[in-house]
Amino acid sequence: MEVTGKIIVAMPEVGGTSAKGNAWKKREYVLETLETYPKKVFFNFFGDRVDQFPLQVGQVVKISFDIDSREYNGRWYVDVRAWKAEAPDATPQAAPAAPAVSYGVAPQMPGGYATPGAPVPPPAVDLAPTPTDDLPF
């Protein structure tokens, strides 16, 4: 999966030694998406990828990640593990504007129609009541 956004939090690197004696390290980040209603995504880089992808707060990136869930003592935990970070694709080019079409002036306007651009007079309204008008408004 992929998500693009701006890094808003960069946690310090943590590490240790596993039960098997292997050294490990990870670095966690929070990314805010660039949408109308932005979402925050907490993710991490693990192992050698920590040094391979050093991200900075304020940097806009596209991360590729996997989601992993695991159970521990009857509770479930979700881990968003990034495996690649790169500069986002160039912003898509806007479609070229359609060329302005000029149709020119109509050669002959039918009777009763105004010529283009001429002011249109408001319609005449007779507000005087008629004897058969029994409506109160």
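Criteria and cut-off values
Residues numbered from 1 in each chain as written. Predicted model: local features only at pLDDT ≥ 70, side-chain atom pairs only at ≥ 80, totals over all residues. Heavy atoms only, no water. Helix = DSSP H or I, 4+ residues; strand = E, 2+ residues; numbered from the N terminus. Buried < 20%, exposed > 50% of the residue type's maximum accessible area, 1.4 Å probe, protein only. Contact = heavy atoms within 4.5 Å. Areas by Shrake-Rupley, 256 points an atom, 1.4 Å probe, with all protein chains shown as cover. Salt bridge = Lys/Arg side-chain N within 4 Å of Asp/Glu carboxyl O. 1 Å grid on protein atoms, 1.4 Å probe; cavity = no way out; pocket = protein on both sides within 12 Å on 5 of 7 lines; lining within 4 Å. Points joined across faces, edges and corners; volume = space filled by probe spheres on them. Nonpolar A, V, L, I, M, F, W, Y, C, P; charged D, E, K, R; others polar. Pairing = 2+ DSSP bridges. Patch = residues over 30% accessible without salt bridge, like charges linked within 9 Å, V, L, I, M, F, W, Y side chains within 5 Å.

Participant: Can you help me understand the overall build of the protein chain in this one?
Facilitator: Scanning the protein chain from N- to C-terminus turns up one helix and six strands. Reading the helices (α) and strands (β) of the protein chain from amino to carboxyl end gives β-β-β-β-α-β-β. With 137 residues in all, the protein chain has 18% of them scored as buried. In the protein chain, the proportion of contacts linking residues at least 24 apart, taken out of those at least 6 apart, comes to 49%. By element, 58% of the accessible surface of the protein chain is carried by carbon and sulfur atoms, the whole surface being about 11,200 Å².

Participant: For this particular structure, what's the right way to read the pattern of salt bridges?
Facilitator: Pairing is possible between side chains that carry opposite charge, provided their charged atoms lie close to one another. Across all of its chains, the model carries seven salt bridges by this definition. Glutamate 86 is paired through a salt bridge with lysine 84; the nearest N and O atoms lie 3.9 Å apart. Each of Glu2, Lys62, Lys84 and Glu86 takes part in a single network of salt bridges with overlapping partners.

Participant: Looking at this model, I keep getting lost on the layout of surface pockets. Mind explaining?
Facilitator: Gaps left between atoms show up when a probe the size of a water molecule is rolled over them. In this structure, the largest pocket occupies an estimated 160 Å³ of space. Lining the largest pocket we find Trp24, Lys26, Glu28, Phe42, Asn44, Phe46, Arg70, Tyr77, Val78, Asp79 and Arg81. If you list the elements that add at least two residues to the lining of the largest pocket, you get strand S3 (23-33), strand S4 (40-46) and strand S6 (75-86). When residues of the lining of the largest pocket are assigned to their parent elements, the largest contribution, four residues, is made by S6. Across the lining of the largest pocket, the residue classes tally to five nonpolar, one polar and five charged.

Participant: Would you take a moment to explain unusual backbone geometry for this structure?
Facilitator: Peptide bonds are trans in most cases, and residues, glycine excluded, mostly fall at negative phi. In this structure, asparagine 73 takes a positive phi of about 55° despite not being glycine. On the secondary structure map, asparagine 73 appears in the loop between strand S5 (60-72) and S6.

Participant: Sorry if this is basic, but what is going on with the pairing of S4 here?
Facilitator: Sheet faces and side chains relate simply in a regular strand, where the side chains alternate between the two faces. Examined bridge by bridge, S3 and S4 share seven bridges and lie antiparallel to one another. Its bridge partner lying in S4, lysine 26 is registered against phenylalanine 46. Counted along the chain from S3 to the antiparallel partner S4, the turn is six residues long.

Participant: Explanation requested: a nonpolar patch on the surface in the structure shown.
Facilitator: A cluster of nonpolar side chains, contributed by Met1, Ile67 and Val78, occupies part of the molecular surface with about 330 Å² of accessible area. On the basis of relative accessible area, methionine 1 is assigned to the exposed category, the value being 61%.

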